[in-house]
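One-letter residues, chain by chain:
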Amino acid sequence: MGGGRRSSDHLPAVVSELADDGVTSSQSSSDRHPDDSPLSYSPEITVAATDSAAEEEVCYNPPRRKTYNELLEHKPGDWIEEVGGTTVGDYEVSDCTTLLLIGPRGSGKSTLINRITRVFEDDQSTPHRAQVSHNLSATLGTCFLQEYMIPRKSKSLCIYDTRSLSSKPSDNVELLQCWMTRGVSHGEMVIRQSDDIVTRNTIKSMVRQGVFSPYKKRVVNFVILVVNGVSILEWIHAKDNGYVDILLETFKYPFLSFKDNKPALVITHGDELSISQRACVRMYLGELLGIPPVHQIFDIADMKDEDTELAIVDMLRYCIEHADRNLPFNQNYLLQGQRICHSMMEMLQGYDTILEVVAITLCIILLLLRGIVNLI
């Protein structure tokens with residue numbers, strides 16, 4: 001993009017070697033080594049994966065179980081850091097933490113919703129919540145904002161599924177900036193400026209509610225960017241599609257960041273790749289976006305295994321913690337500061353009035369004294 005370094009220039013030599021394995025989109029789980037794990041990618045994780053099973057059971061699972069319980073019990077604002085002399089009461093804490101899922105077409109946002117839901121479900125036989133597009137050419141995908149409470153009956157955490165990113169950056173800027181500044185609402189229709197008349201009419205014909213929506217407007221507290229690992233690996237080999245360019249440009253939008261905290265990144269479709277290819281994709285994205293691949297990039301495949309569940313729990317913990325750390329100041333707190341300023345100004349104005357009265361009084365006294373002297 002532009003005249004700077006190409007996206008491929010960020011690719012380390014080790015990633016190139018891993019990418020030489022080729023894209024195995026149709027690879028089944030039987031083609032992978034039994035010891036392959038989504039967590040055995042980075043140096044730190046690789047070392048952990050080589051530990052004995054007993055040690056991992058003792059040292060690894062209990063902390064994650066604690067995190068799982070903390071997520072279930074978490075209420076917005078619980079993880080606020082009272083820095084700079086502030087208290088929890090100084091922040092504007094909503095009744096629900098809202099996470100926004102964004103990503104290109106086919107990135108797996110709806111599938112991710114279903115996978116997250118399964119982690120907190122007691123009954124694994126319940127149907128999927130989010131509509132998944134099986135054939136991208138036969139459907140428009142998600143055309144309305146969809147709110148999903150996590151877990152189902154929770155009132156403190158929700159995740160929003162959104163319409164996929166457009167190949168036109170101007171469409172993405174308009175929609176994303178609108179959601180980040182004005183908030184999101186369940187069932188809200190999403191129409192791009194570039195949509196043709198047929199697409200617009202098709203989306204409008206699917207509306208099943210009146211003009212006035214009963215759903216609450218929610219402020220976005222953090223953003224999760226979802227990408228297809230297979231598409232990333234294909235780009236590494238071909239370098240002739242715009243998938244990574246859209247990803248890179250979207251990630252750099254300043255209105256998606258909360259101060260210094262950029263969006264979390266989730267890689268999907270790992271179940272279609274080998275462990276070395278998944279490591280390749282994760283490492284490459286870390287280099288490309290300038291974020292730590294171990295702590296801010298989460299490999300969440302559509303698989304029912306412990307590693308996937310742990311990755312989901314870690315991802316939610318990361319997002320919620322950063323959401324609490326970047327809550328806006330309470331308006332009452334700001335109004336209190338304004339009132340103090342106004343009071344000080346009024347006091348200063350009162351001093352000016354007193355000085356004027358004193359000056360006028362002195363003038364009157366001088367005039368009276370002069371008159372008395374003339375009479376004498």
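Rules behind the numbers
- Residues numbered from 1 in each chain as written.
- Predicted model: local features only at pLDDT ≥ 70, side-chain atom pairs only at ≥ 80, totals over all residues.
- Heavy atoms only, no water.
- Pairing = 2+ DSSP bridges.
- Helix = DSSP H or I, 4+ residues; strand = E, 2+ residues; numbered from the N terminus.
- Axes fitted to C-alpha atoms, helices over the stretch in contact; angles between N-to-C directions.
- Contact = heavy atoms within 4.5 Å.
- Patch = residues over 30% accessible without salt bridge, like charges linked within 9 Å, V, L, I, M, F, W, Y side chains within 5 Å.
- Areas by Shrake-Rupley, 256 points an atom, 1.4 Å probe, with all protein chains shown as cover.
- Salt bridge = Lys/Arg side-chain N within 4 Å of Asp/Glu carboxyl O.
- Buried < 20%, exposed > 50% of the residue type's maximum accessible area, 1.4 Å probe, protein only.
- Core = buried A, V, L, I, M, F, W, Y, C linked by side-chain atoms within 4.5 Å.

The name given to the protein in an unreviewed UniProt entry is G domain-containing protein, and the organism recorded there is Zingiber officinale.

How would you explain the sheet that holds strand β2 (residues 146-149) if you had to name every residue and give the values?
Within the open sheet, the six strands sit side by side as β2-β3-β1-β6-β7-β8. Their pairing is mixed. For this open sheet the edge positions go to β2 and β8 (297-299), each flanked by a neighbour on one side alone. When the angles between neighbouring strand axes are averaged without regard to direction, this sheet yields 25°. When strand β6 (residues 222-228) meets strand β7 (residues 264-268), the two strands line up parallel, connected through five bridges. Opposite Asn228, over in β7, you have Thr268 as the bridge partner. Here helix α8 (residues 229-238) sits on the sheet in contact with β6 and β7, set at roughly 60° to β6. On the sheet, helix α11 (residues 306-325) packs against β1 (97-102), β3 (157-161), β6, β7 and β8 and is oriented at approximately 145° with respect to β6.

Before we move on, could you go through a nonpolar patch on the surface and cite the residues and values that matter?
Side chains of Ile354, Val358, Leu362, Ile365, Leu366, Leu369 and Ile372 sit close together on the surface and give an oily, nonpolar patch of about 650 Å² of accessible area. Tracing the backbone shows Leu369 in helix α12 (residues 331-375). For Leu369, a relative accessible area of 48% corresponds to the partly exposed category.

Provide a residue-level description of the nonpolar core, including the pertinent values.
One broad trend across soluble globular proteins is that nonpolar side chains are buried collectively. Judged by nonpolar contacts, the single largest core of 74 residues is most densely connected at Ile116, Ile232, Leu265, Leu285, Met315 and Leu316. Among the elements that line this core, the one with the most residues is α11, at nine residues. When residues no more than four places from it in sequence are discounted, the contact partners of Leu285 are Val227, Ile232, Leu247, Leu265, Ile267, Gly290 and Ile297.

Describe the pattern of salt bridges, and please don't skip the residues or the numbers.
Side-chain pairing between opposite charges can occur once the charged atoms of the two side chains come close. Inspection of the entire model under this criterion finds 11 salt bridges. Between Glu188 and Lys217 there is a salt bridge, with its nearest N and O atoms 3.5 Å apart. In this pair, Glu188 is assigned in the loop between β4 (184-185) and α7 (197-205) and Lys217 in strand β5 (residues 217-218), connecting sequence segments 29 residues apart. Classification of Glu188 as partly exposed rests on a relative accessible area of 22%. Relative accessible area serves as the criterion here: at 45%, Lys217 is assigned to the partly exposed category. The closest approach of N and O atoms between Arg278 and Asp299, which form a salt bridge, is 2.9 Å. With Arg278 in helix α10 (residues 275-289) and Asp299 in strand β8, this residue pair connects regions lying 21 residues apart in the sequence. Taking relative accessible area as the criterion, Asp299 reaches 6% and is therefore assigned buried. One network of salt bridges, in which partners are shared, links Asp95, Glu147, Lys216 and Arg218.

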